[in-house]
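Chain by chain, the residues run as shown.
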Amino acid sequence: MKALILEELIWPELKQVLPEIELAVVPVGACEQHGPNTTFNTDTARAYGFSKMIGERFGSQVLVCPPVPYGISVHHMAFPGTVTLRCETYINLLTDIAVALSKHGIRRIVFLNGHGGNSGSLSAVINILKYEHGIDAYYSGIGLNLFEEGITPEMGWSENLGHASESETAQAMVLCPEVVRAERKKGEVVEGFIIRGKEAPFRYGGCAWNWKEDASANGALGDARLANVDDGARLNQIALEKVEHMIRHIIEKR
Ligand SMILES: [Zn+2]
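This write-up is about the structure you can find in this document. Being a predicted model, the structure only gives us computed values, none of them experimental.

Regarding the overall build of the protein
Scanning the protein from terminus to terminus reveals 8 helices and 5 strands. Walking the protein from its N terminus toward its C terminus, one meets helices and strands in the order β-α-β-α-β-α-β-α-β-α-α-α-α. Against the globule reference of 18 Å for 254 residues, the protein gives a C-alpha radius of gyration of 18 Å, in line with a compact fold. By principal-axis analysis of the C-alpha atoms, the protein measures approximately 55 × 35 × 30 Å. By the burial criterion, 50% of the 254 residues in the protein qualify as buried. Contacts spanning at least 24 positions in sequence make up 79% of the contacts within the protein whose residues lie at least 6 apart. Carbon and sulfur atoms provide 53% of the accessible area of the protein, an area that totals close to 12200 Å². Between the centroid of the 24 positive side chains of the protein and the centroid of its 31 negative side chains there is a distance of 4 Å.

Focus on the sheet that holds strand S3 (residues 62–64)
One open sheet accounts for 5 strands, arranged S1-S3-S2-S4-S5; its pairing is parallel. Only two strands of the sheet have a single partner each, and these edge strands are strand S1 (4–5) and strand S5 (136–141). Summarising the sheet, strand S4 (residues 108–113) and S5 pair through 6 bridges and their orientation is parallel. Bridged to Arg 108 within S5 is Asp 136. Along the sheet, helix H2 (residues 42–58) makes contact with S1, strand S2 (23–28), S3 and S4, crossing S2 at roughly 160°. Its contacts with the sheet place helix H4 (residues 119–133) against S2, S4 and S5, and it is angled at close to 165° to S5.

Observations concerning the side chain of Glu 168
With respect to the secondary-structure elements, Glu 168 resides in helix H6 (residues 166–175). At 2.8 Å, the side chain of Glu 168 and the backbone nitrogen of Ala 164 are in polar contact. Those residues in contact with Glu 168 that lie beyond four places of it in its chain are His 34, Thr 42, Asp 43, Arg 46, Gly 162 and His 163.

Here's the deal with helix H3 (residues 87–103)
In an α-helix there are 3.6 residues to a turn, and that puts residues three or four apart on one side. The terminal C-alpha atoms of H3, which comprises 17 residues, lie 24 Å apart, in line with the 24 Å expected from a rise of 1.5 Å per residue. Considered for burial, the residues of H3 that qualify are Tyr 90, Ile 91, Leu 94, Thr 95, Ala 98, Val 99, Leu 101 and Ser 102. The buried side chains of H3 occupy one side of the element, clustering within an arc of 160° when seen end-on. Exposed side chains of H3 directed beyond 90 degrees from the buried face belong to Asp 96 and Lys 103. The inward-facing, buried residues of H3 contact S2, S4 and H4. Trailing H3 by a residue or two, Gly 105 shows a phi angle of about 95°, which is positive.

Here's the deal with the environment of Val 125
On the secondary structure map, Val 125 appears in helix H4. With a relative accessible area of 0%, Val 125 lands in the buried category.

Re the pattern of salt bridges
Enumeration according to the criterion identifies 12 salt bridges in this entry. The residue Glu 241 makes a salt bridge to Arg 57 at a minimum N-O spacing of 3.3 Å. Here the residue Glu 241 occupies a position in helix H8 (residues 229–253), and Arg 57 occupies one in helix H2, the gap between them amounting to 184 residues. The class for Glu 241 is partly exposed, based on a relative accessible area of 42%. Here Glu 244 ties to Arg 57 by a salt bridge, and the two come within 2.5 Å at their closest N and O atoms. Here Glu 244, found in helix H8, pairs with Arg 57, found in helix H2; they are 187 residues apart in sequence, far enough to count as distant. In terms of burial, Glu 244 and Arg 57 fall into one category: buried. Put simply, Arg 57, Glu 241, Glu 244 and Arg 248 are held in one network by salt bridges that share partners.

Conventions adopted
- Residues numbered from 1 in each chain as written.
- Predicted model: local features only at pLDDT ≥ 70, side-chain atom pairs only at ≥ 80, totals over all residues.
- Heavy atoms only, no water.
- Helix = DSSP H or I, 4+ residues; strand = E, 2+ residues; numbered from the N terminus.
- Rg over C-alpha atoms; globule rule 2.2 N^0.38 Å.
- Buried < 20%, exposed > 50% of the residue type's maximum accessible area, 1.4 Å probe, protein only.
- Contact = heavy atoms within 4.5 Å.
- Areas by Shrake-Rupley, 256 points an atom, 1.4 Å probe, with all protein chains shown as cover.
- Lys, Arg positive; Asp, Glu negative; His and termini not counted.
- Charge placed at Lys NZ, Arg CZ, Asp CG, Glu CD.
- Pairing = 2+ DSSP bridges.
- Axes fitted to C-alpha atoms, helices over the stretch in contact; angles between N-to-C directions.
- Polar contact = N/O pair within 3.5 Å; in protein donor to acceptor, adjacent residues only side chain to side chain.
- Expected span 1.5 Å × (residues − 1).
- Arc of directions from axis to C-beta.
- Salt bridge = Lys/Arg side-chain N within 4 Å of Asp/Glu carboxyl O.

Take a look at the structure:
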């Protein structure tokens, strides 16, 4: 099916299809350093590319909105070029987008999130929308957490996956290859930094990182040189299935 993409329409076209729209997807990203491997808009471009693929699975039932290119990137501010919003700005921004869409009769919103740093604020947003505005709102990640079951030991990938590593870069090769640099570098991960698995000290909670000091001197985790488009396509497919399942549930059961 052809995805219904807001920024490609004129208003009479949107008006005509409006009765068929079950919900709007709003991709949310970041303007954030991704080490020497991928560009500042990586999370935004991944979220938008992913949202368009979701849109293809639902046609006129799902309106794919333009992506939000800034997010919560306070922890990456030590790297020049990163732009963060304050949490209250971000929460207000996303709330305004959802309220505006609701004025046109679209009362269900799904934020598809390309950047882990946004998660806490997204949780606040969906509660504000639901309980202060009566708008059904949801959010989901699109990356590693959804597809990690597809990563096998034979792939030889790093323990510290995630930001600007092979897992994210492989998915970007599928969703937005223009953000990926041909020459990539291994992450200069800070000694003792563990973000995943049983040994991760903040596994069950949170930590306000200073990414450069606490996590990685060059801004990347893992080893993005190991990324390839075949693994990216396979893993991305796993993530798509999960988000499709969630959206079908919202449309049919809620
Ligand atoms: Zn990222």
